[in-house]
Amino acid sequence: MSDRAVLHVRGRVLAGPDDVRDELWVVGGRITYDRPTAAQDVRTVEGWALPGLVDAHCHVGLGAHGPVDRDTAEKQALTDREAGTLLIRDAGSPSDTRWVDDRDDLPKIIRAGRHIARTRRYIRGYAHEIEPDALVTYVAQEARRGDGWVKLVGDWIDRDLGDLAPSWPRAEVEAAIAEAHRLGARVTAHCFAENSLRDLVEAGIDCIEHATGLTDDLIPLFAERGVAIVPTLVNIATFPKLAKGGEEKFPRWSAHMRRLYERRYDTVRNAYDAGIPVFVGTDAGGSLPHGLVAAEVEELVTAGLPADQALSATTWGARRWLGRPGLDEGAPADLVVYETDPRADVRVLAAPRRVVVNGRVMS
């Protein structure tokens with residue numbers, strides 16, 4: 001399409017869960033619901049349109065052993081785009097991906113800076129590895145580098161204990177989160193275990209990644225504070241393999257990981273039932289491939305979320321949570337078109353008919 005071309009999306013436009021329209025137009029890369037006058041070069045796309053999908057836990061620029069080169073990072077972003085993911089909250093990356101912002105054909109990225117972990121308490125090559133007395137300093141640094149988010153590693157295996165354990169003392173966490181909020185950033189944390197959660201939530205954290213340790217006694221606290229979770233169930237599916245690999249050396253940790261896995265669906269369903277905000281994230285990058293957003297939505301439905309709520313967790317609700325527009329008048333035209341109604345069967349998300357980025361039809 002030329003810069004002067006007009007895109008006409010016709011069929012059913014899902015501007016919101018209860019806001020269904022017959023058509024929209026794209027003029028100059030932006031959405032309008034007013035038919036343009038004197039449009040000559042018009043391309044029509046038909047189907048069921050959704051806002052570009054959101055992956056709220058993704059890592060562009062990260063590989064199994066740390067940062068990857070630019071070509072590899074580009075392939076990761078393109079894979080996400082082809083899956084319909086057009087907005088990414090990059091939940092920690094050691095790579096500088098600011099170059100993506102200059103590309104009008106790639107997903108938009110909201111960065112959380114680089115992971116902040118305790119020394120020798122995370123995957124090598126991923127994080128700033130520091131001690132608690134430096135936590136406030138590094139949180140401030142990453143708050144300034146990111147796009148409104150900071151990512152902590154809230155727990156990891158303690159080799160002396162042979163099990164998951166919290167990474168940070170309560171006082172340092174409180175000071176660090178307060179500093180991030182002073183600088184206008186929200187804070188999230190990787191957490192698998194139960195015993196890392198209360199201190200983080202009471203200290204004012206905004207989100208918990210994975211949240212496999214969320215138990216019935218903690219759910220009211222999360223709900224009261226409005227702390228969101230991003231379960232990454234496609235990642236939690238790897239727990240049995242991880243447990244098997246560490247069983248001989250860390251049997252206690254291995255058994256713990258299996259328990260967390262076995263109750264994963266109950267954990268997510270109970271959180272949702274209590275009113276805790278739940279959003280879609282795949283944990284792509286590192287050991288998982290990109291492009292898994294449809295599989296994660298399906299996992300949320302398997303866990304017990306209604307289909308429209310699982311869709312909202314990757315579309316309308318997720319974009320509102322991250323402060324980004326959906327199919328709004330004047331918004332950038334980032335949308336995905338499907339053959340049939342994704343509200344009737346979320347598996348449709350795995351087969352986008354058209355992906356549109358900034359008003360350009362990519363596929």
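Residues numbered from 1 in each chain as written. Predicted model: local features only at pLDDT ≥ 70, side-chain atom pairs only at ≥ 80, totals over all residues. Heavy atoms only, no water.

**Student:** I'm lost on helix α8 (residues 251-262) in this one. Help?
**Tutor:** Each α-helix winds once per 3.6 residues, and so residues spaced three or four apart point in a common direction. Taking 1.5 Å per residue as the helical rise, α8 with its twelve residues ought to reach 16 Å, and the 17 Å between its terminal C-alpha atoms agrees with that figure. Taken together, the buried positions of α8 are occupied by Trp253, Ser254, His256, Met257 and Leu260. Within α8, the buried residues cover an arc of 165 degrees as seen down the axis, which keeps them to one side. Residues of α8 that are exposed and point more than 90 degrees away from the buried face comprise Arg252 and Glu262. If you follow the buried residues of α8, they end up packed against β13 (155-158), β14 (163-166), α7 (239-246) and α9 (264-273). (Helix = DSSP H or I, 4+ residues; strand = E, 2+ residues; numbered from the N terminus. Expected span 1.5 Å × (residues − 1). Buried < 20%, exposed > 50% of the residue type's maximum accessible area, 1.4 Å probe, protein only. Arc of directions from axis to C-beta. Contact = heavy atoms within 4.5 Å.)

**Student:** Could you clarify how one ought to interpret helix α1 (residues 70-82) in this entry?
**Tutor:** Over its 13 residues, α1 extends 18 Å from the first C-alpha to the last, a length consistent with the 18 Å expected when each residue adds 1.5 Å. Residues of α1 that are buried include every one of Ala73, Gln76, Ala77, Asp80 and Arg81, and no others. When α1 is viewed along its axis, its buried side chains cluster within an angular range of 140 degrees and face the same direction. For α1, the exposed residues set more than 90 degrees away from the buried face come down to Asp71 and Lys75. For α1, the elements touching its buried residues are β5 (53-58), β6 (62-63), β8 (85-90) and β19 (354-357). The opening residue of α1 is aspartate 69, an N-cap whose side-chain oxygen sits 3.2 Å from the backbone nitrogen of aspartate 71. Glycine 84 occupies a position one or two residues after α1 and carries a positive phi of about 95 degrees. (Polar contact = N/O pair within 3.5 Å; in protein donor to acceptor, adjacent residues only side chain to side chain.)

**Student:** Just checking my understanding: could you explain the state of the cysteines for this structure?
**Tutor:** As used in these notes, a disulfide is a covalent bond between sulfur atoms, one from each of two cysteines. Taken as a whole and assessed by the stated rule, the structure comprises zero disulfides. Cysteine 207 provides the cysteine sulfur closest to cysteine 58, a residue in no disulfide bond, and the two sulfurs are 15 Å apart. What makes cysteine 58 buried here is its relative accessible area of 0%. (Disulfide = S-S within 2.5 Å.)

**Student:** Quick question: what am I supposed to make of the pattern of salt bridges here?
**Tutor:** Any two side chains of opposite charge can pair, so long as their charged atoms come close to each other. In total, this model carries 27 salt bridges according to the counting rule given. Ionic pairing is found between arginine 103 and glutamate 74, a salt bridge with its closest N-O pair at 2.9 Å. Placement of arginine 103 in the loop between β8 and β9 (108-111) and of glutamate 74 in helix α1 is noted, with a sequence separation of 29 residues between them. Relative accessible area serves as the criterion here: at 26%, arginine 103 is assigned to the partly exposed category. Taking relative accessible area as the criterion, glutamate 74 reaches 24% and is therefore assigned partly exposed. Of the charged contacts, one joins aspartate 147 and arginine 111 as a salt bridge, the two residues approaching to 3.0 Å between their closest N and O atoms. Taken together, the residues span a long stretch of sequence, with aspartate 147 in the loop between α2 (135-145) and β12 (149-153) and arginine 111 in strand β9 at a distance of 36 residues. Taking the relative accessible area as the measure of exposure, arginine 111 reaches 7% and is therefore buried. Through salt bridges that share partners, Arg170, Glu174, Arg198, Asp199 and Glu202 make up one connected network. (Salt bridge = Lys/Arg side-chain N within 4 Å of Asp/Glu carboxyl O.)

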